[in-house]
Amino acid sequence: MGDRPVRRAPAGLIAAALALAALAALLAGSFAAPLRAWGGFGHETTAQIALANIRPQTRAGIARLLRAEPLLGTPDCRLRSLADASTWPDCIRRDGWRWGHTAAWHYRTAPICEAYDARRNCSGGNCVTAQIARNHRLLADETLPDNVRLEALAFLVHFIGDVHMPLHSGDLADRGGNDREVAYGIIPGYNLHAIWDGPLAERAISTPPSILRSYTAAERAPIQAGSVEDWSRDSWEVSRDYAYAPAFGGDACAPKSDARVKLDDATIARLVPIAQDQVKKGGLRPARLLDEA
């Protein structure tokens, strides 16, 4: 073997193989990533909308609370801005020993084919709507230390974003769409939750006209009206009518066939304004609660 000439693959073939390997790794990382409502991009967008629509004194109060970040004891999950606050509750969940109990706080899925029940799936206050109310009250309590109120601020902003991701409010016996495989256009291998969590939200946020702006009082008023339970029911209806129904030919509660479920390009285009509206609500509604607190 010592004197046998070594046969080398053509340089072009090697480059192509490396490119394919890199693409495979990228795709594997995309589909294996943990599911979070709207991902970082969606949550940070809701925070930016909120920041653009709060009163100056609210903004100043947030800046003061952010100075208490070192007292949180979460050096791997920074909390230096409202954008950080919007993703901090997802980041800390990686520390299961300390924060694992918060997992159930991110959702309150109700069956879309049954009558809506505002109290369902919230035992002991362990659901997103109850935790929005709890953290709003903690944030407003000026007798509490700043680090406690800062933690409440982060949970509040994040959970209002969560409740507006439709599949954290509606369910079809599939863990909010996590167990329902759906193709996104020509791309297979997604599930319904992941589609609304990632590519659909990203397309909605990046499609003009921009939803990231300061809104007039007249524009804000109808969106910010109502209670957290009203907002939850609204999101549940969006889940039923727009997240599930288009994937099943218009009737999510009809008997299912074995055919592969797919959202075609025309359907995706119709869903973009719906997703835009949900992200906008997820930013303007916390703005109201932050001003109140």
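Scope of this entry: the structure provided in the associated data block. Predicted, not measured: the structure shown is a model, and the values here were computed from it.

1. Structural notes on the side chain of Asp-84
Then, number 1: For Asp-84, the location among the structural elements is in helix α4 (residues 82-92).
Then, number 2: Within the structure, the side chain of Asp-84 is placed 2.9 Å from the backbone nitrogen of Arg-80, a separation counted as a polar contact.
Then, number 3: Ignoring anything within four residues of it in the chain, the contact list for Asp-84 reads Arg-78 and Leu-79.

2. With respect to the sheet that holds strand β4 (residues 187-191)
Then, number 1: An order of β4-β3-β5 is seen for the three strands of this open sheet, with the pairing classed as mixed. Because the sheet does not close on itself, it has two edges, and the strands there are β4 and β5 (262-263).

3. Considerations on the packing of helix α6 (residues 128-140) against helix α7 (residues 146-164)
Then, number 1: It is at 8 Å that the axes of α6 and α7 come closest, and there the two elements cross at 150°. Crossing handedness for the pair α6 and α7: left-handed. Listed contacts from α7 to Val-128, Thr-129, Gln-131, Ile-132, Asn-135, His-136, Leu-138 and Leu-139 of α6 are Arg-149, Ala-152, Leu-153, Phe-155, Leu-156, Phe-159, Ile-160, Asp-162 and Val-163.
Then, number 2: Grouping the constituent residues of the contact of α6 with α7 by class yields eleven nonpolar, four polar and two charged.

4. Side note on the pairing of β4
Then, number 1: Where strand β3 (residues 181-184) meets β4, three bridges bridge the pair, whose relative direction is antiparallel. When the bridges of β4 are listed, Glu-181 appears paired with Asn-191.
Then, number 2: From the end of β3 to the start of β4, which pair antiparallel, there are two residues, and Gly-185 there has a positive phi angle of about 65°.

5. Concerning the nonpolar core
Then, number 1: Counting residues in hydrophobic clusters, the biggest one holds 35 residues, and the most contacted among them are Leu-79, Leu-82, Trp-88, Ile-132, Leu-150, Leu-153 and Leu-290.
Then, number 2: Residue assignment for this core shows that the elements contributing at least two residues are α2 (39-51), α3 (56-66), α4, α6, α7, α11 (228-244) and α12 (265-292).
Then, number 3: Counting residues per element, this core draws most heavily on α7, at ten residues.
Then, number 4: Those residues in contact with Leu-82 that lie beyond four places of it in its chain are Ala-47, Ala-50, Leu-51, Ile-62, Leu-66, Leu-153, Val-157 and Leu-290.
Then, number 5: If you look at the next biggest cluster of nonpolar residues, it comprises 29 residues, including Ala-204, Ile-268, Val-272 and Ile-274.

6. Let's talk about the pairing of β3
Side-chain direction in a regular strand flips from residue to residue, so the side chains alternate between the two faces of the sheet.
Then, number 1: Note: β3 against β5, two bridges, orientation parallel. If you follow Ala-183 over to β5, its bridge partner there is Lys-262.

7. Side note on the state of the cysteines
Then, number 1: The full count for this structure, using the stated rule, is three disulfides.
Then, number 2: Residue Cys-77 pairs covalently with Cys-91 via a disulfide, S to S 2.0 Å. Every disulfide takes its handedness from the sign of the S-S torsion; for Cys-77 and Cys-91 that torsion is -80°, giving left-handed. Of this pair, Cys-77 sits in the loop between α3 and α4 while Cys-91 sits in helix α4, placing them 14 residues apart in sequence.
Then, number 3: For Cys-77, a relative accessible area of 7% corresponds to the buried category.
Then, number 4: Residue Cys-91 is classed as buried on the basis of its relative accessible area of 14%.
Then, number 5: With its sulfur 2.1 Å from that of its partner, Cys-122 forms a disulfide with Cys-127. For the disulfide bridge between Cys-122 and Cys-127, the dihedral angle about the S-S bond is near -75°, and by the sign convention the bridge is left-handed. Take Cys-122 and Cys-127: they sit in the same class, and that class is buried.

Cut-off values and rules
- Residues numbered from 1 in each chain as written.
- Predicted model: local features only at pLDDT ≥ 70, side-chain atom pairs only at ≥ 80, totals over all residues.
- Heavy atoms only, no water.
- Helix = DSSP H or I, 4+ residues; strand = E, 2+ residues; numbered from the N terminus.
- Polar contact = N/O pair within 3.5 Å; in protein donor to acceptor, adjacent residues only side chain to side chain.
- Contact = heavy atoms within 4.5 Å.
- Pairing = 2+ DSSP bridges.
- Axes fitted to C-alpha atoms, helices over the stretch in contact; angles between N-to-C directions.
- Left-handed = near helix turned anticlockwise from the far one by under 90°.
- Nonpolar A, V, L, I, M, F, W, Y, C, P; charged D, E, K, R; others polar.
- Core = buried A, V, L, I, M, F, W, Y, C linked by side-chain atoms within 4.5 Å.
- Buried < 20%, exposed > 50% of the residue type's maximum accessible area, 1.4 Å probe, protein only.
- Disulfide = S-S within 2.5 Å.

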